Amino acid sequence: MTPDKRVTVDEIVGELRDGMTVGIGGWGSRRKPMSIVRAILRSPLRDLTIVSYGGPDVGMLCAAGKARKVVYGFVSLDSIPLEPHFRAARQQGTIEAMELDEGMLQWGLRAAAMRVSFLPCRAGLGSAIMDINPDLRTVVSPYDGQELVAMPALPLDVALLHANRADQRGNAQYLGPDWYFDDIFAMAAQRTFVSCERVVDSDAFLAEGSEQTIKVSRLWTDGVVEAPLGAHFTHCVPDYPRDEALQREYAASAKDAEAWATFRARWIDIAEPEYRAQARASLAGA
């Protein structure tokens, strides 16, 4: 019998420790596990290394002083091109940064998933990436003599993902057009936790999508939590769109410490049932 892996958000955060390397799935301001991120913000955790195709997950963790280092291919809010809290952290030098080509980040995660120390790639050659990451090395192919970047593996202590549906065994279903690299994050991590809009019986998956929509296997997951609106204010299509109004409010909170404190008091330092009620009203345009 496969165990019941249902947990709470607080139990997930309770498994994290200072200094861990945490991979966060999703892409920009799309399908981020924001309910778990908010719980991390309310916790005493610190000195985290965050690996992400970043969005507000990265920005909030920087603003709250939780991130020591960020490994990223970009950090964007999509409709707002540059994440403002992340930009402030970079400009103020409050985080260590490993800036990579998007493909290099994927390759580092794939290397970790394959349990090899690096994978060769052309991305990064002839660019400033090699200058700003002096620890990156090149290798010469033994087959044709090409010089290639040896992209190091990016092993994760924990991966945090958000899916549309999951079952109690930890299988996760993605109903939108793109699951990005959530499956690779899961395979690159020692432990993986998935939040989802709804926990369903395994037999119910096929009522909403084909077998090919089940992208994360129970073999890779350690816990699953039902978190309605758990990706808000990022989108989780087809369940709900990005909350552009709240995203603009969040971006504006980067202008000074008082604005961030006000946003945090209203949207982060509250109980999840209250958050969901506010989120539904915001999505409805109230």
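On a predicted model such as this, the values are computed, not experimentally measured, just so you know.

Each value, and the rule that gives it
- Residues numbered from 1 in each chain as written.
- Predicted model: local features only at pLDDT ≥ 70, side-chain atom pairs only at ≥ 80, totals over all residues.
- Heavy atoms only, no water.
- Helix = DSSP H or I, 4+ residues; strand = E, 2+ residues; numbered from the N terminus.
- Rg over C-alpha atoms; globule rule 2.2 N^0.38 Å.
- Contact = heavy atoms within 4.5 Å.
- Areas by Shrake-Rupley, 256 points an atom, 1.4 Å probe, with all protein chains shown as cover.
- Salt bridge = Lys/Arg side-chain N within 4 Å of Asp/Glu carboxyl O.
- Buried < 20%, exposed > 50% of the residue type's maximum accessible area, 1.4 Å probe, protein only.
- Phe/Tyr/Trp six-rings, centres within 6.5 Å; stacked < 30°, edge-to-face > 60°.
- Lys NZ or Arg CZ within 6 Å of the ring centre and 35° of its normal.
- Disulfide = S-S within 2.5 Å.
- Expected span 1.5 Å × (residues − 1).

Participant: How do you make sense of the overall build of the chain when you look at a structure like this?
Facilitator: Secondary structure assignment for the chain yields 10 helices and 12 strands. For the chain, the C-alpha radius of gyration of 19 Å lies close to 19 Å, the compact-globule estimate for 286 residues. Along the longest, intermediate and shortest principal axes, the C-alpha atoms of the chain span 60 × 50 × 30 Å. Considering only contacts in the chain between residues 6 or more positions apart, those separated by 24 or more positions represent 73%. Summed over its atoms, the accessible surface of the chain is roughly 12,600 Å², and 51% of this surface lies on carbon and sulfur atoms.

Participant: Before we go on, may I ask you to explain the pattern of salt bridges in this structure?
Facilitator: A side chain with one charge may pair with a side chain of the opposite charge, provided their charged atoms come close. All told, the structure shown has 18 salt bridges when counted by the stated rule. Arg 6 serves as the salt-bridge partner of Asp 4, at 2.5 Å between the closest nitrogen and oxygen. Given a relative accessible area of 47%, Arg 6 falls into the partly exposed group. Note that Glu 208 is salt-bridged to Arg 198, the shortest N-O span being 3.0 Å. Of the two residues, Glu 208 is situated in the loop between strand 10 (189–199) and strand 11 (214–216) and Arg 198 in strand 10; the sequence distance between them amounts to 10 residues. On the basis of relative accessibility, which here comes to 36%, the residue Glu 208 falls in the partly exposed class. Owing to a relative accessible area of 37%, Arg 198 belongs among the partly exposed residues under this scheme.

Participant: Would you explain the packing of aromatic side chains in this entry?
Facilitator: Under the criterion given, the structure shown has 11 aromatic pairs. Judged by centre distance (4.8 Å) and plane angle (70°), the ring pair of Trp 27 and Phe 74 falls under edge-to-face. Here Trp 27 is found in the loop between strand 1 (21–24) and helix 2 (34–42), whereas its partner Phe 74 is found in strand 3 (residues 67–75), with 47 residues between them in sequence. Among the aromatic residues, ring-to-ring pairing joins Trp 27, Tyr 53, Phe 74, Tyr 180 and Phe 181 into one connected group. Over the ring of Tyr 275 we find Arg 38; its NZ or CZ atom is 3.5 Å from the centre of that ring.

Participant: Which parts of the structure should I look at to understand the state of the cysteines?
Facilitator: The bond known as a disulfide is covalent and runs between the sulfur atoms of two cysteines. Inspection of every chain in the model, using the stated rule, returns 0 disulfides. The thiol sulfur of Cys 196 is not disulfide-bonded, and the nearest other cysteine sulfur, from Cys 236, lies at 9.3 Å. With a relative accessible area of 0%, Cys 236 lands in the buried category.

Participant: Quick question: what am I supposed to make of helix 10 (residues 272–283) here?
Facilitator: Three or four residues apart is the spacing at which side chains of an α-helix point the same way, because the helix has 3.6 residues per turn. The terminal C-alpha atoms of helix 10 lie 16 Å apart, and with 12 residues this matches the ideal 16 Å at 1.5 Å per residue to within 8%. If you follow the buried residues of helix 10, they end up packed against helix 2, helix 8 (244–252) and helix 9 (257–267). Of the residues trailing helix 10, Gly 285 is marked for its positive phi of about 85°.

Participant: Is there a simple way to explain unusual backbone geometry in this structure?
Facilitator: Leaving glycine aside, a negative phi is the common case for residues, and trans is the common case for peptide bonds. Between His 232 and Phe 233 the backbone carries a cis peptide bond, its omega angle lying at 10°. You can see Phe 233 is positioned in the loop between strand 12 (223–226) and helix 8. For the peptide bond that leads from Val 237 to Pro 238, omega is 5°, which places it in the cis range. As for its placement among the helices and strands, Pro 238 is situated in the loop between strand 12 and helix 8. Within the chain, Tyr 180 stands out as a residue other than glycine whose phi angle is a positive 55°. The phi dihedral of Leu 229 is positive, around 60°, even though this residue is not glycine. Structurally, Leu 229 is set in the loop between strand 12 and helix 8.

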